[in-house]
Amino acid sequence: MLLSRHGIWKFISLSLVFGAPAMRVDAKSISPGQTIKDNWDLGESVRRYDFDGTAGQYMYVLFLEKSDEDLFEPAVEVVAPDDSSVSDRDKEMAFLRCVRLPSTGKYKLYIGGILCRACQAKFVLSLILTDHPNDGGDIVYGQTIAADINPDGDMDGYRFYGRSGDPVTIQVAGSLNSRVDLVGPNGLVANASGTNAVIARTLSESGNYTIVIWGKDGDGGTYTLSLTGPGVPTPTPTPPPQPTPTPLPLPDLRVSQADVAPVAPTRLQPGNPITFSCTIENPGQPANPFWLEFWGSRTGGLTLDAFIADSQAVAGLDVWGTYTFNNPRTLYAVPDGPYTVVMVADRPNQVGEYDEGNNRRVIAGKRILTLRPQTQVDLAVDNFCVQPNPPLSGSVATFSGYVRNLGTQNSGPFWIEFWQTSGAGLPYPDLRRMICDSIYIANLAPGGQINLGAYPRAIYPNISTTAPTGIFVDRLDTVNETDETNNYQFPSFEIAAMPDIDITLADFSPAAPTELQPGNLLSFDVDFINRSATATDLFWVEFWGSRTGGITLDTFLCDSIQIGPLAAGASFHLDLDRSLYAISDGPYTVVVTANRPAGGLYGRRAVTGKRLLMIRPQSLANVQVLGFAFAATKVIARGQTVPLAGVVMNAGSQPTGPFWIEFWASRDQQYPTLERFVCDSIPVSSLAPGQYIGLQDYPRLIYNTLPPGAWAIGCFVDREDMINETDETDNYSFIGGYQVY
């Protein structure tokens, strides 16, 4: 039976979640003494781990997840080789304590959440089996061992051989608020708890004993374990035979661990050392050489937006081979702002693999922040032209004109690109598609120039023969210029008439290198003229930030203002102060527009010679997508209203401020991309700490413009990065397998 509470599906019977033979769940493995720290995969509702057990062994399983109990209640079930269940779940956390295994063979361990269908929760899973060395190994009378429970949710197991009649004392002391069990050949012998837990017993039978140690409520800490006995020699116990694992039929490169340092709020500049560490495992057949890449993501790891350092060539991995990387790299000159770091193995797909879905590792809980010093470089396009114009699909086009460095400093590397614009009906060019290969420039000295006539290019197939063509220099913003309004030209793009409301002057202050924060005042000076023969109505003046030197209008900087009417031929000067919005970090070209909502020919002017620089303080808010599900079935129709499930929660300690909840579709089911909006977004004015939004209150109409076919559909919170979070890896959740018709 299924119930819905706050938009989260609740399973009343565990048999509906775990252990059902008809449910196909891909199996992973876990060994006695192993502790696994991981996240749920996107769309995953239950996970299975297999282990080998022997009849008569006693089992401890601890499955710990630290989300709000109303949103994720952990559950665990163990299924014997004959598919019978051998366990129940504990009320407070998924903890199986001293459960006897009924037979010898392969056991299936299922973990999941009772109140969650598809969660991205972080979890820790630990397994202990008695009559096994586990992770602590063997301990003998008179020995003291110093250790720790790390991470939270870990368990440690120690084995020793005892004789009937032996007086033994077990003491566990330290910062760990410990729970200690002594388990003998026939079950639990004694237990103790606390920061100084002591068990004193006379053993009643001979055989292997196991000491199991964990923390109260799954917490961690350090401890010392002392075992005292009668002082007689203790034989070395014989470990049970371990099965030889079978490698996968193909190579399988898995990035199992990754980290990076330093991270925000430390500021990095191009050339600074940044240390990457990761582990790549291959439980499959031998893998050919491949690349390890280091990426920065603007979307919490969903998209790979910029290389941030040199890649590492890996010579290959043998069966069960492991490659560890822990070295500094020099940071590239990537655009200013925060990035989530993603480690990627074999992105060019040089190795055919058993599973391509585990080649990435997104580093959660931290971001790097790059802030470049202002350069004196000024790249400018001079007299660009293309022949033929427009260029012909599949033909070779020749260019004329120059790209010059008008500044006083070397540029460093950048790209020259050639773009087609939509053209018809638009007052300004847009970036529709690239028409040919770009030109890579390693460096351009002060006063240097690139003669574009030396770079003929073959035009890509299927390029329109009518759309205007232009040039764009350093669209990726690898060069931190003062002025980017001269980085492009679209000479064949002509505006047929002057706008009625023309902006003849636009300026603002303060400009970079002054750093701005949300709420700071911006001062604008703008001159307008009415070039029409009649008076205007009231019209809107808007203030935009552009990442592309003024071609695209990427984000509102502050509140708009409505002014007018303006008499025919009349001029007007606007002198205005405005509070800056919480826009994403980095540099922006400032663009002022007049009467834009009316469409057609509107006034527009980019401020030349300067840029605005936003660097926000780190927020303590943390928005998360939990338990997201889209529609009741995987087959949905365009124009249909569908129910949603799940919550968007602020798990931080500070209000979020405004943001958007968006719903996206991706053809790529493995690594989703942001291809198309599925339905209307949800505006959120703010979420207080601990407050959440139930998505079940927002049924959505699927757009008729969404093409039919197979899609992954996801929920993305704060894609525009209005909240400067430490962790953005939990801002999205994608579920594959939807069929749209």
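Quick summary incoming for the structure in this document. (Residues numbered from 1 in each chain as written. Predicted model: local features only at pLDDT ≥ 70, side-chain atom pairs only at ≥ 80, totals over all residues. Heavy atoms only, no water.)

**Points about the packing of aromatic side chains**
Going through the model one piece at a time under the given rule, you end up with 24 aromatic pairs. When the ring of Y141 is compared with that of F160, the centres are 6.0 Å apart and the planes differ by 55°; the resulting orientation is tilted. Of this pair, Y141 sits in the loop between strand 10 (122-129) and strand 11 (143-149) while F160 sits in strand 12 (residues 156-162); the two residues are 19 residues apart in sequence, bridging distant segments of the chain. On the accessibility criterion, F160 (2% relative accessible area) is buried. An aromatic cluster is present here, built from F628, F630, F663 and Y738 joined pairwise through their rings. Positioned above the aromatic ring of Y671 is the side chain of R360, whose terminal nitrogen or guanidinium carbon lies 4.0 Å from the ring centre. K610 extends its terminal NZ or CZ atom over the ring of F508, reaching a point 5.4 Å from the ring centre. (Phe/Tyr/Trp six-rings, centres within 6.5 Å; stacked < 30°, edge-to-face > 60°. Helix = DSSP H or I, 4+ residues; strand = E, 2+ residues; numbered from the N terminus. Buried < 20%, exposed > 50% of the residue type's maximum accessible area, 1.4 Å probe, protein only. Lys NZ or Arg CZ within 6 Å of the ring centre and 35° of its normal.)

**What to know about a nonpolar patch on the surface**
Taken together, W415, Y440 and L476 make up a surface patch of nonpolar side chains, about 310 Å² in accessible area. Positionally, L476 belongs in the loop between strand 34 (469-473) and strand 35 (488-489). (Patch = residues over 30% accessible without salt bridge, like charges linked within 9 Å, V, L, I, M, F, W, Y side chains within 5 Å. Areas by Shrake-Rupley, 256 points an atom, 1.4 Å probe, with all protein chains shown as cover. Salt bridge = Lys/Arg side-chain N within 4 Å of Asp/Glu carboxyl O.)

**Thoughts on the environment of V351**
Mapped onto the elements, V351 comes out in the loop between strand 24 (337-345) and strand 25 (360-362). Residues V351 and P251, 100 residues apart in the sequence, show an inter-C-alpha distance of 7.5 Å. Ignoring any residue separated from it by four or fewer positions in sequence, one finds V351 in contact with P251, L253, A287, N288, P289, F290, D346 and E356. (Contact = heavy atoms within 4.5 Å.)

**Let's talk about the sheet that holds strand 53 (residues 692-694)**
Paired through backbone hydrogen bonds, the strands of a sheet run either parallel or antiparallel to each other. Within the open sheet, the three strands sit side by side as 46-49-53. Their pairing is antiparallel. Taken across any chain shown, the strands that pair with only one partner, and hence form the sheet edges, are strand 46 (623-630) and strand 53. The mean inter-strand angle of the sheet, taken between neighbouring strand axes irrespective of direction, is 5°. Summarising the sheet, strand 46 and strand 49 (residues 644-650) pair through six bridges and their orientation is antiparallel. Paired with F630 across the two strands is L644, which belongs to strand 49. (Pairing = 2+ DSSP bridges. Axes fitted to C-alpha atoms, helices over the stretch in contact; angles between N-to-C directions.)

**Focus: the pairing of strand 10**
Across the eight residues that make up strand 10, a large majority, seven, are buried. Both strand 6 (residues 58-64) and strand 10 contribute to a ladder of six bridges, which runs antiparallel. Bridge assignment links L64 to a residue of strand 10, and that residue is V124.

**Details of the pattern of salt bridges**
Tallied over the entire structure, the rule returns 24 salt bridges. Across the salt bridge formed by R361 and D38, the nearest N and O atoms sit 3.8 Å from each other. Taken as a pair, R361 in strand 25 and D38 in strand 4 (residues 35-39) lie far apart in primary sequence, 323 residues in all. Two residues, D477 and R372, come together in a salt bridge whose shortest N-O distance is 3.2 Å. Of this pair, D477 sits in the loop between strand 34 and strand 35 while R372 sits in the loop between strand 26 (368-370) and strand 27 (379-387), and the two are 105 residues apart along the sequence. Per residue, the accessibility class of D477 equals that of R372, and both read buried. One salt-bridge network, held together by shared partners, links D336, R372, D477, E484 and R611.

**A word on the nonpolar core**
Among the nonpolar cores identified, the biggest contains 31 residues, and F630, I636, F659, I661, F663 and V678 are the most heavily contacted of them. Mapped onto this core, the elements with two or more residues apiece are strand 46, strand 49, strand 50 (659-666), strand 52 (682-684), strand 55 (709-717) and strand 56 (732-740). Dropping the residues within four chain positions of it, F663 is found in contact with F628, L644, R676, F677, V678, C679, D680, I682, G714 and C715. (Core = buried A, V, L, I, M, F, W, Y, C linked by side-chain atoms within 4.5 Å.)

**Details of the pairing of strand 7 (residues 74-79)**
Here strand 7 lies mainly inside the structure; six of its six residues are buried. The alternating pattern of strand 7 places P74, V76 and V78 on one face and A75, E77 and V79 on the opposite face, and all of these are buried. One ladder, built from six bridges, connects strand 7 with strand 9 (residues 105-113); its direction is antiparallel. Within the sheet, the bridge partner assigned to V79 lies in strand 9 and is K108.

**Description of the sheet that holds strand 38 (residues 521-530)**
With respect to topology, three strands assemble into an open sheet ordered 36-38-42, the strand pairing being antiparallel. Either end of the sheet is taken by a strand with one partner, and the two such strands are strand 36 (501-509) and strand 42 (571-579). Each adjacent strand pair in this sheet contributes to an overall mean axis angle of 20°, direction not counted. Two elements, strand 38 and strand 42, share nine bridges in a ladder whose sense is antiparallel. Bridging from a neighbouring strand, L522 pairs with R578 of strand 42.

**Quick word on the side chain of R616**
By secondary structure assignment, the location of R616 is in the loop between strand 45 (612-614) and strand 46. Under the relative-accessibility criterion, R616 is labelled buried at 7%. Within the structure, R616 has its side chain in polar contact with the backbone oxygen of I583 (distance 3.3 Å). Beyond its immediate stretch of four places on either side in the chain, R616 contacts P338, P518, A582, I583, S584, D585, D721, M722, I723 and N724. (Polar contact = N/O pair within 3.5 Å; in protein donor to acceptor, adjacent residues only side chain to side chain.)

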